[in-house]
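Remarks on the overall topology
Residue strings, one per chain:
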Amino acid sequence: MTHQQPHEPEVLTMTRLHVISAATRPTSAGRPLARWVTERARERGGFDVTPVDLAEIALPFLDEPEYASTGNYAHQHTRDWSALVDSADAFLFVLPMYNGGFTAPFKNAIDFLYNEWKGKPVGIVSYSAGPTGGAPAAEMLLPVLTRLGMLPAEHSVAIPGIPKLLGPEGFQAPETLAGELAGVLDDVAELAAQRAAEAVTV
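All figures in this text were calculated on a predicted structure; none of them were measured in a lab.

Rules of the game
- Residues numbered from 1 in each chain as written.
- Predicted model: local features only at pLDDT ≥ 70, side-chain atom pairs only at ≥ 80, totals over all residues.
- Heavy atoms only, no water.
- Helix = DSSP H or I, 4+ residues; strand = E, 2+ residues; numbered from the N terminus.
- Contact = heavy atoms within 4.5 Å.
- Polar contact = N/O pair within 3.5 Å; in protein donor to acceptor, adjacent residues only side chain to side chain.
- pLDDT = per-residue confidence, 0-100.
- Pairing = 2+ DSSP bridges.
- Right-handed = clockwise from strand over helix to strand, strands pointing away.
- Buried < 20%, exposed > 50% of the residue type's maximum accessible area, 1.4 Å probe, protein only.
- Salt bridge = Lys/Arg side-chain N within 4 Å of Asp/Glu carboxyl O.

Details of the environment of Ala138
You can see Ala138 is positioned in helix H5 (residues 135–147). Apart from residues lying up to four places away in sequence, Ala138 is in contact with Leu95, Ile124 and Ser126.

The structure is reproduced here in structure tokens:
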């Protein structure tokens, strides 16, 4: 009588998604929004979600003596930031708009690194106090992400009038917003799955 080997269950790998709140103002509306985005990503499943607050990272202005592409970092704050970004498979950027563009602290945080961003999927959730929802900031950011070799999601979310969406319990999402965000998360998950499959076949 032959004994069959027990069938090992398939291991489902989770996409490590970092939700980065790109605002550094202590009173920023982006912080409660980022918490809401993080909760929706966790509820969706398929993601191991890590919230990242750029204000808490507190990077100085870029102070590395060598180009980021070398990966040779002189400072501990850069090595810590590198390890955090490198540990992600994909990103969601929760992005404020100031004066029609994305913020200097966020560009600075991007510029500290290079290879850690390269080839990774990214979705954008922008917001503003005015009617554009920060869409111009997202449009300005896209060439930077493309130059880094990142993979932007097809869909994005732009949230106008954000001060009116904040209450005692945090961010109060409009009815349609969860569905819009789901589309971005689906894009990011699909891009991450494609990237993982390509890595296996190489």
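Next, the rest of the story.
Thoughts on the side chain of Lys120
With respect to the helices and strands, Lys120 occurs in the loop between helix H4 (104–111) and strand E4 (121–127). Side-chain polar atoms of Lys120 contact the backbone oxygen of Val85, separated by 3.2 Å. Contacts of Lys120, omitting those with residues within four sequence positions, involve Val85, Asp86, Ala88, Asp89, Phe91, Gly149, Met150, Leu151 and Arg195.

So, the confidence of the model for the protein chain
Considering every residue of the protein chain, the mean pLDDT works out to 93; 93% of them sit at 70 or more. The low-confidence segment residues 6–11, where pLDDT is below 50, has zero contacts with residues more than four positions distant or belonging to other chains.

Section: the pairing of strand E2 (residues 47–53)
Of the strand pairs in this sheet, strand E1 (residues 15–21) and E2 are connected by seven bridges, and their pairing is parallel. Looking across to E2, one finds that Arg16 is bridged to Asp48. Handedness of the crossover joining E1 and E2 through helix H1 (residues 30–44): right-handed.

Brief notes about H4
Of the residues making up H4, those classed as buried are Phe106, Asn108, Ala109 and Ile110. Next to the buried residues of H4 lie E1, helix H2 (54–57), helix H3 (76–86), strand E3 (90–96) and H5.

Overview of the pattern of salt bridges
Evaluation of the coordinates by the stated rule reveals six salt bridges. Note that Asp53 and Arg31 form a salt bridge whose closest N and O atoms lie 2.7 Å from each other. Of this pair, Asp53 sits in strand E2 while Arg31 sits in helix H1, and the two are 22 residues apart along the sequence. The buried category is assigned to Arg31, whose relative accessible area is 17%. The salt bridge involving Arg44 is made with Asp186; its shortest N-O contact spans 3.0 Å.

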